[in-house]
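The residues making up each chain are set out below.
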Amino acid sequence: MVQLSDIFAAQKTIAGHADNTPLIPSPFLSQKTGQQVLLKLEITQPMGAFKLRGAINAIMRLNDQAVGVTCCSTGNHGRAVAYAAQLRGLKAVVCMSSLVPKAKVEGVEQLGATVRVVGQSQDEAMAESDRLSREQGFVEISPFDDENVIAGQGTIGLELLRDRPDIRTLLVPLSGGGLAAGICVAAKAINPDITIIGISMDRGAAMAASIRAQRPVELDEVASLADSLGGGIGMNNKLSYPLCRDMLDQLVLVTEEEIYRAMQALYFEDRLVAEGASVVGVAALLSRKINIVGPTATIITGRNLDMDLFTNIITGNDVLLGEYHVKGQHYAR
Ligand SMILES: *Cc1c(COP(=O)(O)O)cnc(C)c1O
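Residue positions within a chain follow its written sequence, with the count starting from 1. Under the rules for a predicted model, residues below a pLDDT of 70 receive no local features and side-chain atom pairs below 80 are neither given nor counted, while totals for whole chains, interfaces and linings still include all residues. Excluding hydrogens and water, the side-chain values take into account all heavy atoms of the structure.

**Topic: the domain arrangement of the chain**
What the domain assignment reports for the chain is domain 1 (4-46 + 146-326) and domain 2 (51-140). On a C-alpha basis, the centres of domain 1 and domain 2 stand 22 Å from each other. Only heavy atoms matter for contacts: two residues are in contact if any of them lie within 4.5 Å across the pair. Taken together, the contacts link 34 residues of domain 1 with 22 residues of domain 2. Buried area is calculated as the accessible area (1.4 Å probe) missing from two parts once they are joined, with the contributions of both summed. Roughly 2,300 Å² is buried in total at the junction of domain 1 and domain 2, and carbon and sulfur atoms are behind 53% of that figure. The working definition used for a salt bridge is a side-chain nitrogen of Lys or Arg within 4 Å of a carboxyl oxygen of Asp or Glu. Where domain 1 meets domain 2, there are four salt bridges. N or O atoms within 3.5 Å of each other form a polar contact, as long as, within protein, one can give a hydrogen and the other can take it, and as long as residues adjacent in sequence are counted only when both atoms are side-chain atoms. Between the two partners, domain 1 and domain 2, sit 17 residue pairs in polar contact (both at pLDDT 80 or more). Looking at the side of domain 1 that touches domain 2, the elements with two or more residues in it are helix H1 (4-14) and helix H7 (147-163). In terms of residue count, the dominant contributor to the side of domain 1 that touches domain 2 is H7 (eight residues). Charged residues are taken to be Asp, Glu, Lys and Arg, nonpolar residues to be Ala, Val, Leu, Ile, Met, Phe, Trp, Tyr, Cys and Pro, and polar residues to be all remaining types, Gly included. Among the residues making up the side of domain 1 that touches domain 2, the classes are represented as ten nonpolar, 14 polar and ten charged. For each domain, the first and last residues come from an automatic or database assignment. We count a stretch as a helix when DSSP gives it H or I for four or more residues in a row; a strand needs E for two or more, and each element gets its number in order from the N terminus.

In structure tokens form, the structure reads like this:
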């Protein structure tokens, strides 16, 4: 299991590659909630998302015999793996489903990795990356169910509590749970009384459904504004599922409409460009699905989004997600 000491070790390994990111106050959210709300800006990482932490930690620890690396990804993990593989001079093959936005596919290719687009879901992409590792000896790096990845993401928890030891509540975007698991291990070791809430979109939230069912379950994957939160947790999940199940204090689900509004609010009020997955904590606060007491931080996890989609959202236009229609609305406080 991942321990606090692994996360301190990861902090040393990733230093100089992944950044210590800023923690800034949101006057708007603080005023809305009556509590101090802070934003941890992982959007300032070199490749625009926190996934660099875990990928660098995992790839720097490979021995020199590794021929190459492979992974499945909803976009940001693939980009991080491609980036880290390039640092080590390793070949990288990233498997993604056809649900992954074009901007994310191109981001991976620009870093010199090979992209395989396979199937309609993250689970199908995972099967392809499993096959590559079995048949061609590539080292497979899970986006969330890997102790080095979890330890890398956990460094966010160390930075948060170093900068603000008085934080009472953390709101963490939740998909496969590598981020939440790492943050839980770090933050709860430092302050056992801290409350950590996992937040997902209400359509296809596999971790939330698995925790409720008390075993990993599969859900149909559908298009979402929070595309980086799509995909399953793996039916043989060994680490991120038990850690999230045992350590998260609460789970909250937000709608596409709430995500849309939170993207607008973060842009107009805090002047930040953030992808849908990043703003689910903000969405939960604005929709009053969470009552907070004391200083609260949420992680703004990434900014890798399609700018045409973003322009449509801030303009208040309708957005079509597969069959699902998010009705446009101009931003208003
Ligand atoms: C991967 C990702 C998440 C979720 O992280 P998990 O470890 O899969 O729970 C959240 N936001 C962004 C931008 C991501 O890329």
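**Here's the deal with empty space enclosed by the protein**
The rule is simple: put a 1 Å grid over the protein atoms alone, call a set of points where a 1.4 Å probe fits but cannot get out a cavity, call an open set with protein on both sides within 12 Å along at least five of seven lines a pocket, and count a residue as lining if it has an atom within 4 Å of a point. Grid points are joined across faces, edges and corners, and a volume is the space filled by probe spheres set on the points. The full count for this structure, using the stated rule, is three cavities of 30 Å³ or more. Roughly 260 Å³ of volume is contained in the largest cavity. Lining the largest cavity are 26 residues; nearest its centre among them are Phe-50, Lys-51, Ser-175, Gly-176 and Ser-228. A class-by-class count of the residues in the lining of the largest cavity yields nine nonpolar, 15 polar and two charged. Here the lining of the largest cavity gathers at least three residues from each of two domains, domain 1 (4-46 + 146-326) and domain 2 (51-140).

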